[in-house]
Amino acid sequence: MKVQVLFFGATAEETGEREIEVSLAENIQANEAFAEIVGKYPRLKSHKLLFAINQEYASGDEIVKDGDELAIFTAVSGG
Amino acid sequence: MKVQVLFFGATAEETGEREIEVSLAENIQANEAFAEIVGKYPRLKSHKLLFAINQEYASGDEIVKDGDELAIFTAVSGG
Amino acid sequence: MDFCEITTETLDVGAIARRVVPANCGAIVTLDGFVRQITKGRETLYLEYEGYEPMALKEMEKLVAQVKTEFEIENVGIVHRLGKLEIGETSVVISVAAPHRRHAFAACEWLIKELKRTVPIWKKEVYADGEVWVEGENAKN
Amino acid sequence: MDFCEITTETLDVGAIARRVVPANCGAIVTLDGFVRQITKGRETLYLEYEGYEPMALKEMEKLVAQVKTEFEIENVGIVHRLGKLEIGETSVVISVAAPHRRHAFAACEWLIKELKRTVPIWKKEVYADGEVWVEGENAKN
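Just so we're clear, the structure is a prediction, and the values are computed from it rather than from any experiment. (Residues numbered from 1 in each chain as written. Chains lettered and ligands numbered in written order. Predicted model: local features only at pLDDT ≥ 70, side-chain atom pairs only at ≥ 80, totals over all residues. Heavy atoms only, no water.)

1. Notes on the arrangement of the chains
Moving on, step 1. Nothing in chain A touches chain C, and the closest approach of their C-alpha atoms is 9 Å.
Moving on, step 2. These two, chain B and chain D, are apart from each other, with no contact and a minimum C-alpha gap of 9 Å. (Contact = heavy atoms within 4.5 Å.)

Okay, here's the thing in C-alpha cells:
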C-alpha cells in the first residue's frame, strides 16, 4: 500500500523533500512505519521527531492504512 | 487658614460643588478637617468616602496646611 | 519606555501595546477594558468617566514603579480614557512587555486589579431610565 | 465568536481582540507575540514561519474547545501568521474575553503555552551569518 509522507521545516531541510510517496506493508503499525521511513534519512536521527497520521498526532500502535497522510517534523516552535 | 476642597463624581453630585474654599483652624489634623467638611454636606454620609491631600491619599493624623488641596471622593471605579 | 496617560481620545489598543516593546522581549500582554453592554442584567446606554487627573497620573506612576520592582518585566504602558464612552469603546489599556511571558501576565493582572483599587477615576453608568455613579468595591486602605 | 486562523497577512492586534467581544464581558486579555530583535544575545535579521496548516488549524481548534471547558470564558480568538516576518511584526495573537478578567488572564496564558507545545508551526531564525530552524523545548507527549 502507499502513503504520503510530509516534511516541514528542519525535516524538509534534512531530507531535501517536502512530500514523498512511500510503499509500506499492509497492517503496519505507526511506530514501525515511521521507523522505516526515518531509516531512509539518517540526518533525521539527530532530531527529536514528532509523527502525525492524517493531521493528528500518531499513537505508536495505530495501524497505518492505504492512502494515509503521514507527517514527520521536529518539536514545534510557533508562537 | 484656607484650603481648596475638590469633589468628583458622586461627591460632586451630592454636594452640588466641584471645588470650594474652606476655612480651617491652624494645625488641624486631616481626620478632623475632613469630618468638619463632610459635616456640612449630610448627603455625603451615605457613601464610603476616601480623602486626599495634595493629590495623595491622606493619613488621618497628618496636619493640614494653609493652601493645601483637599479632595473627597467615593471608592474609585475606573478601569 | 514606560508611560501613563489620561486622554479623552479613542484608544488604539494595538498601537499602545507596541509602544512598550523593547529589543529583548518577544511578548506583550495587554488588558483591554471596554464598555460592557450588559452589567448585572441591565443594559447600559453609555458610560461617563471622570478622573482627578493629576492624582490619577501620580497613582498610575506609583503602580508602574511598584510593578517593576515586584515582577521581572521590561516596560509598562497604562492609558485611561475619560469622558463619554459608547458601548464597546475601550476605557483602559494596560500593556506589559517582559522577556518571559509568565511575568507579563502576572504583572498585567496585578496592574488592573490595583488600578481599580487606587487610581481616582470614576464611571457613571447611564441607563434608559436613570444613571448611577459606580462606587468601587475595593476601597483604598 | 471563536476563531482560529492562519494567514500570511499583517496582524492587527487591536482588531483581532475586538472580534471576541460578547455583550456580557468587559475585558479582553490579549497576548501579542512578535519577532524579537535579540534572542539569547544574538541579533535576528528576520524570521520565517512555516506551518502544517490543516493540522495546525485542527490543533488550534482543539485548544479552543479545551480552554472553554476548563476556564470560565466566553470567546477566544487565535490568529497565527506564517511566512517572512520582520523584527517587531506580530506572529501570533491570542485574545480571550471573559466576564471575569481573572479567567481571561489564566486562559490566555494557558493557550499560548499549549500552542507552543502542540500546534505544528515552526520558525526559522535568520541571522547575519546563518539560519536555524528552532526546535521547541516542549515536545508533544
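Text resumes after the structure shown.
2. Things to note about the pairing of strand β6 (residues 75-81) of chain C
Residues and elements named next belong to chain C.
Moving on, step 1. The buried count for β6 comes to 7 of 7 residues, which makes it a mostly enclosed element.
Moving on, step 2. Going residue by residue along β6, you find Asn75, Gly77, Val79 and Arg81 tucked away on one face and Val76, Ile78 and His80 tucked away on the opposite face as well.
Moving on, step 3. Of the pairings in the sheet, the one linking strand β1 (residues 3-7) to β6 comprises 5 bridges and is parallel in character. Within β6, the position partnered with Thr7 by the bridge is Arg81.
Moving on, step 4. Both β6 and strand β8 (residues 90-98) contribute to a ladder of 6 bridges, which runs antiparallel. Following the sheet pairing, Asn75 is matched in β8 by Ala97. (Buried < 20%, exposed > 50% of the residue type's maximum accessible area, 1.4 Å probe, protein only. Helix = DSSP H or I, 4+ residues; strand = E, 2+ residues; numbered from the N terminus. Pairing = 2+ DSSP bridges.)

3. Digging into the relation of the copies chain C and chain D
Moving on, step 1. Rotating chain C by 180° about the axis while translating it 0.0 Å along that axis superimposes it on chain D, leaving an RMSD of 0.0 Å. In short, the pair behaves as if placed about a two-fold rotation axis.
Moving on, step 2. Mapped onto chain D, 100% of the interface residues of chain C are again interface residues, and the two copies thus contact each other with one and the same surface. (Least-squares fit on C-alpha atoms with pLDDT ≥ 70 in both.)

4. Regarding the interface of chain C and chain D
Moving on, step 1. With 31 residues of chain C at the contact, the number on the chain D side is 31 residues.
Moving on, step 2. In this assembly, chain C packs against chain D so that about 2500 Å² is buried in total across both faces, 56% of it on carbon and sulfur atoms.
Moving on, step 3. When residues of chain C are sorted by the area they lose upon contact with chain D, Phe34, Arg101 and Phe105 of chain C head the list and together hold 25% of the total.
Moving on, step 4. Taken together, chain C and chain D are joined by 2 salt bridges.
Moving on, step 5. A salt bridge links Asp32 of chain D to Arg18 of chain C; the nearest nitrogen and oxygen atoms lie 3.1 Å apart.
Moving on, step 6. Counting across the interface, chain C meets chain D through 9 residue pairs in polar contact (both at pLDDT 80 or more). (Buried area = accessible area lost by both parts, 1.4 Å probe. Salt bridge = Lys/Arg side-chain N within 4 Å of Asp/Glu carboxyl O. Polar contact = N/O pair within 3.5 Å; in protein donor to acceptor, adjacent residues only side chain to side chain.)

5. A closer look at unusual backbone geometry
Among all residues except glycine, the phi angle is most often negative; among peptide bonds, the trans geometry is most common.
Residues and elements named next belong to chain A.
Moving on, step 1. Positive phi, close to 50°, is recorded for Asn54, a residue that is not glycine.
Moving on, step 2. Within the secondary structure layout, Asn54 lies in the loop between β3 (49-53) and β4 (56-57).
Moving on, step 3. Positive phi outside glycine occurs at Gln55, with the angle close to 65°.
Moving on, step 4. With respect to the helices, strands and loops of the structure, Gln55 is situated in the loop between β3 and β4.
Moving on, step 5. The class for Gln55 is buried, based on a relative accessible area of 16%.

6. Remarks on the interface of chain B and chain C
How big an interface is tends to be expressed through the accessible area that disappears when the partners come together.
Moving on, step 1. Taken together, the 24 residues of chain B in the interface contact 29 residues of chain C.
Moving on, step 2. Carbon and sulfur atoms supply 55% of the area that chain B and chain C bury against each other, a total of about 2300 Å² over both sides.
Moving on, step 3. When residues of chain B are sorted by the area they lose upon contact with chain C, Gln55, Tyr57 and Gly79 of chain B head the list and together hold 30% of the total.
Moving on, step 4. Across the contact surface, chain B and chain C share 2 salt bridges.
Moving on, step 5. Our count for the contact surface shared by chain B and chain C stands at 18 residue pairs in polar contact (both at pLDDT 80 or more).
Moving on, step 6. Elements with a minimum of two residues in the side of chain B that touches chain C: β1 (2-7), α1 (9-15), β3 (49-53), β4 (56-57) and β5 (69-74) of chain B.
Moving on, step 7. Looking at the side of chain B that touches chain C, the element that brings in the most residues is β5 of chain B, giving 4 residues.

7. Here we look at the packing of helix α3 (residues 101-118) of chain C against helix α3 (residues 101-118) of chain D
Moving on, step 1. The geometry of α3 of chain C relative to α3 of chain D is characterised by a closest axis approach of 11 Å and an angle of 170° between their N-to-C directions. Of the possible angle classes, the one that applies to α3 of chain C and α3 of chain D is roughly antiparallel. Contacts between α3 of chain C and α3 of chain D involve Arg101, Arg102, Phe105, Cys108, Glu109, Ile112, Lys113 and Lys116 of chain C from the former and Arg101, Arg102, Phe105, Cys108, Glu109, Ile112, Lys113 and Lys116 of chain D from the latter.
Moving on, step 2. Residues of the contact of α3 of chain C with α3 of chain D, tallied by class, amount to 6 nonpolar, no polar and 10 charged. (Axes fitted to C-alpha atoms, helices over the stretch in contact; angles between N-to-C directions. Parallel < 35°, antiparallel > 145°, perpendicular 65-115°, else oblique. Nonpolar A, V, L, I, M, F, W, Y, C, P; charged D, E, K, R; others polar.)

8. Structural notes on the side chain of Glu114 of chain C
Moving on, step 1. Take Glu114 of chain C: it is sitting in helix α3.
Moving on, step 2. Setting aside anything within four residues of it in sequence, one finds Glu114 of chain C in contact with Leu63 and Val119 of chain C.

9. Side note on the sheet that holds strand β5 (residues 46-51) of chain C
Sheets are built from strands that pair by backbone hydrogen bonding, the pairs being arranged parallel or antiparallel.
Residues and elements named next belong to chain C.
Moving on, step 1. Taken together, the 4 strands give an open sheet; going across it, the order is β7-β5-β9-β10, and neighbouring strands pair in antiparallel fashion. The sheet terminates laterally at β7 (83-86) and β10 (130-133), the two strands that pair on one side only. Neighbouring strand axes in the sheet, compared pairwise and without regard to direction, differ in orientation by 20° on average.
Moving on, step 2. Of the strand pairs in this sheet, β5 and β7 are connected by 4 bridges, and their pairing is antiparallel. What sits directly across from Tyr46, in β7, is Glu86.

10. Quick word on the side chain of His80 of chain D
Moving on, step 1. As for its position among the elements, His80 of chain D is in strand β6 (residues 75-81).
Moving on, step 2. Since its relative accessible area comes to 0%, His80 of chain D is described here as buried.
Moving on, step 3. Ignoring any residue separated from it by four or fewer positions in sequence, one finds His80 of chain D in contact with Gly78 and Gly79 of chain A together with Glu5, Ile6, Thr7, Tyr49, Met60, Ser91, Val92, Leu115 and Ile121 of chain D.

11. Regarding the packing of aromatic side chains
Moving on, step 1. Tallying each qualifying case throughout the model produces 18 aromatic pairs over all chains.
Moving on, step 2. Between Phe71 of chain C and Trp110 of chain C, the aromatic rings sit 6.2 Å apart at their centres with planes inclined by 55°, giving tilted as the arrangement. A residue pair is termed long-range when its members are at least 10 positions apart, and Phe71 of chain C in the loop between α2 (53-70) and β6 and Trp110 of chain C in helix α3 qualify at 39 residues. Both residues of the pair, Phe71 of chain C and Trp110 of chain C, belong to the buried class.
Moving on, step 3. Members of the aromatic cluster, joined through ring pairs, are Phe8, Tyr57 and Phe73 of chain A together with Tyr52 and Trp122 of chain D.
Moving on, step 4. Here the basic side chain of Arg42 of chain C rests over the ring of Tyr127 of chain C, its NZ or CZ set 3.6 Å away from the ring centre. (Phe/Tyr/Trp six-rings, centres within 6.5 Å; stacked < 30°, edge-to-face > 60°. Lys NZ or Arg CZ within 6 Å of the ring centre and 35° of its normal.)

Nothing here speaks to function; it is geometry throughout.
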